[in-house]
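Chain by chain, the residues:
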Amino acid sequence: MAQTHSHSQGPHAAQTQHGDAPHGPGHSHGHHQDLDWATEGPRLVREAELYQPVTEQVIGWLRERFEAAGKRPDDVRRVLDIGSGSGVATCLLAEAFPRAEVVAVDTAQPLLDLVTERAAGRGLGDRVSTLLAELPDGVAVSEGTDANGAGSATQGEERVVAGLGEADLVWSRKVLHHVGDQRDVVQRLARALRPGGLMALTEGGLPMRFLPRDIGLGHPGLQARLNAVMEEWFEGMRAGLPGSTRVVEDWPGLLSGAGLSRATSRSFLLDLPAPLGATGREHVTASLSRFTELVGDLMTAQDIAVLAQLLDSADPEGIARREDAFLLTAETVHTAYA
Ligand SMILES: C[S@@+](CC[C@H](N)C(=O)[O-])C[C@H]1O[C@@H](n2cnc3c(N)ncnc32)[C@H](O)[C@@H]1O
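Predicted, not measured: the structure shown is a model, and the values here were computed from it.

Draft legend 1. View of the overall build of the protein. Looking only at helices and strands, one finds nine helices and eight strands in the protein. A total accessible area of about 13,300 Å² is found for the protein, and carbon and sulfur atoms account for 51% of it.

Here is the structure:
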């Protein structure tokens, strides 16, 4: 029961500590360039599966948040997963809210195809659907007109968001920082919530750590230097987004400003200690490789040489083989009720 809308395409940008690793060749620091999200499937699946224990904890917390507001999981009948990627969370949401239709919304059809495949493989095909849409254009505000698959639209109340329909839960993980005007998109998404509905945005948190301060190579503190240059790169990426608007990234404040109440944030730790398993090493290696592509030109020659050594799978000091590689990070989830 996939619904497919054709909105403008043209995926944007990349991520740094604001989520997972930055993406893709062809970026240069300080300049926005289009990212082909459609080719990101395998990376997104690996990342989302690695983070799945965290996502499960987050969803458990959301069930508690609903219960605190007098809602049982069965009362949650429609969920929007905004920027669903490969659908790992989409399926976990469908399992956690067993009477809900869960709609995966994304700008990349190949990723939505992965969602459909994943849902079918888990016996969730009848409750998981997909919607091709690009924020913010795909979430135009409707003035009382009916919305696709939305349930009832309320005359005169700008509660319904055209194309997305209404929802009891709007979930979005590591997506909104890819949209030029973050305040505007929070406001649009808030209008999709049914009364008593919950918004859950994963943004911010802590940058991924994967090596000790002193790794016995080059000058100690490589990771901190990488984080600093990636912050600069991230700022350039945001500045290059269509409609880029600077906003104080106070997510609870943005939720409250969108008319939602009882904004609360909580952080969840992903703690994979050394020695890191194979999937964790692949993820760290892929992330480090992207860091190098994106900001290598801002690092010293010595740091670049160390990065090359870390990325060399045959080198005993490389990420693939060294004993001290780990993965530690935190995701922050911001919630509020309609
Ligand atoms: C970092 S990934 C996160 C994927 C997924 N939420 C997860 O947690 O694994 C960002 C996702 O947002 C989607 N995306 C990026 N910009 C978008 C936009 N403007 N509108 C809709 N989706 C967008 C991308 O296609 C990608 O799937």
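Draft legend 2. Highlighting the pattern of salt bridges. Tallying each qualifying case throughout the model produces 17 salt bridges. Where Asp168 meets Arg194, a salt bridge forms, and the shortest distance between an N and an O atom there is 3.0 Å. With Asp168 in strand S4 (residues 167-173) and Arg194 in strand S5 (residues 193-202), this residue pair connects regions lying 26 residues apart in the sequence. In terms of burial, Asp168 and Arg194 fall into one category: buried.

Draft legend 3. Structural view of the environment of Ser172. Relative to the assigned elements, Ser172 resides in strand S4. Relative accessible area serves as the criterion here: at 1%, Ser172 is assigned to the buried category. In contact with Ser172, not counting residues within four places along its chain, are Ile82, Ala200, Leu201 and Thr202.

Draft legend 4. Up close: helix H5 (residues 182-190). Along H5, the positions that sit buried rather than exposed are Gln182, Val185, Val186, Arg188, Leu189 and Ala190. Where H5 starts, the residue carrying a side-chain oxygen 3.3 Å from the main-chain nitrogen of Arg183 turns out to be Asp181.

Draft legend 5. Summary view of the packing of aromatic side chains. All chains considered together, the criterion is met by two aromatic pairs. Residues Phe66 and Phe97 carry aromatic rings whose centres are separated by 5.7 Å and whose planes lie at 80° to one another, so their mutual orientation is edge-to-face. In this pair, Phe66 is assigned in helix H2 (residues 52-68) and Phe97 in the loop between helix H3 (88-96) and strand S2 (101-106), connecting sequence segments 31 residues apart. For the residue pair Phe66 and Phe97, the accessibility class agrees, reading buried in each case. Cation over ring: Lys174 sits above Tyr51, and NZ or CZ is 4.2 Å from the ring centre. Here Arg262 stacks its cationic end above the ring of Tyr337, 4.1 Å away from the centre of that ring.

Draft legend 6. Main features of the pairing of strand S8 (residues 327-337). With respect to burial, S8 is a largely interior element, 10 of its 11 residues being buried. With two bridges joining them, strand S6 (residues 206-209) and S8 adopt antiparallel strand pairing. Residue pairing for S8: Leu206 is matched across the bridge by Ala330. Pairing geometry for strand S7 (residues 261-272) and S8, over 10 bridges, is antiparallel. Residue pairing for S8: Phe268 is matched across the bridge by Glu331.

Draft legend 7. Examining the side chain of His334 more closely. With respect to the helices and strands, the residue His334 is situated in strand S8. A distance of 3.1 Å separates the side chain of His334 from the backbone oxygen of Glu203, its partner in a polar contact. At a separation of 2.7 Å, a polar atom in the side chain of His334 contacts the side chain of Ser265. When near neighbours in sequence (up to four residues on either side) are disregarded, His334 contacts Met199, Ala200, Leu201, Glu203, Trp251, Pro252, Leu255, Thr264 and Ser265.

Draft legend 8. Just the layout of surface pockets, in detail. By volume, the largest pocket is sized at about 240 Å³. Together, 12 residues line the largest pocket, and Glu235, Arg238, Arg246, Val247 and Glu249 are the ones closest to its centre. When residues of the lining of the largest pocket are assigned to their parent elements, the largest contribution, five residues, is made by helix H6 (residues 222-239). When grouped by side-chain class, the residues that make up the lining of the largest pocket number three nonpolar, four polar and five charged.

Draft legend 9. Just unusual backbone geometry, in detail. The step from Leu135 to Pro136 runs through a cis peptide bond, and the omega angle for that step is 0°. With respect to the element layout, Pro136 can be found in the loop between strand S3 (128-132) and S4. Despite not being glycine, Lys174 has its phi angle at roughly 60°, a positive value. Tracing the backbone through its elements, the reader meets Lys174 in the loop between S4 and H5. For Lys174, a relative accessible area of 6% puts it in the buried group.

Calculation notes
Residues numbered from 1 in each chain as written. Predicted model: local features only at pLDDT ≥ 70, side-chain atom pairs only at ≥ 80, totals over all residues. Heavy atoms only, no water. Helix = DSSP H or I, 4+ residues; strand = E, 2+ residues; numbered from the N terminus. Areas by Shrake-Rupley, 256 points an atom, 1.4 Å probe, with all protein chains shown as cover. Salt bridge = Lys/Arg side-chain N within 4 Å of Asp/Glu carboxyl O. Buried < 20%, exposed > 50% of the residue type's maximum accessible area, 1.4 Å probe, protein only. Contact = heavy atoms within 4.5 Å. Polar contact = N/O pair within 3.5 Å; in protein donor to acceptor, adjacent residues only side chain to side chain. Phe/Tyr/Trp six-rings, centres within 6.5 Å; stacked < 30°, edge-to-face > 60°. Lys NZ or Arg CZ within 6 Å of the ring centre and 35° of its normal. Pairing = 2+ DSSP bridges. 1 Å grid on protein atoms, 1.4 Å probe; cavity = no way out; pocket = protein on both sides within 12 Å on 5 of 7 lines; lining within 4 Å. Points joined across faces, edges and corners; volume = space filled by probe spheres on them. Nonpolar A, V, L, I, M, F, W, Y, C, P; charged D, E, K, R; others polar.

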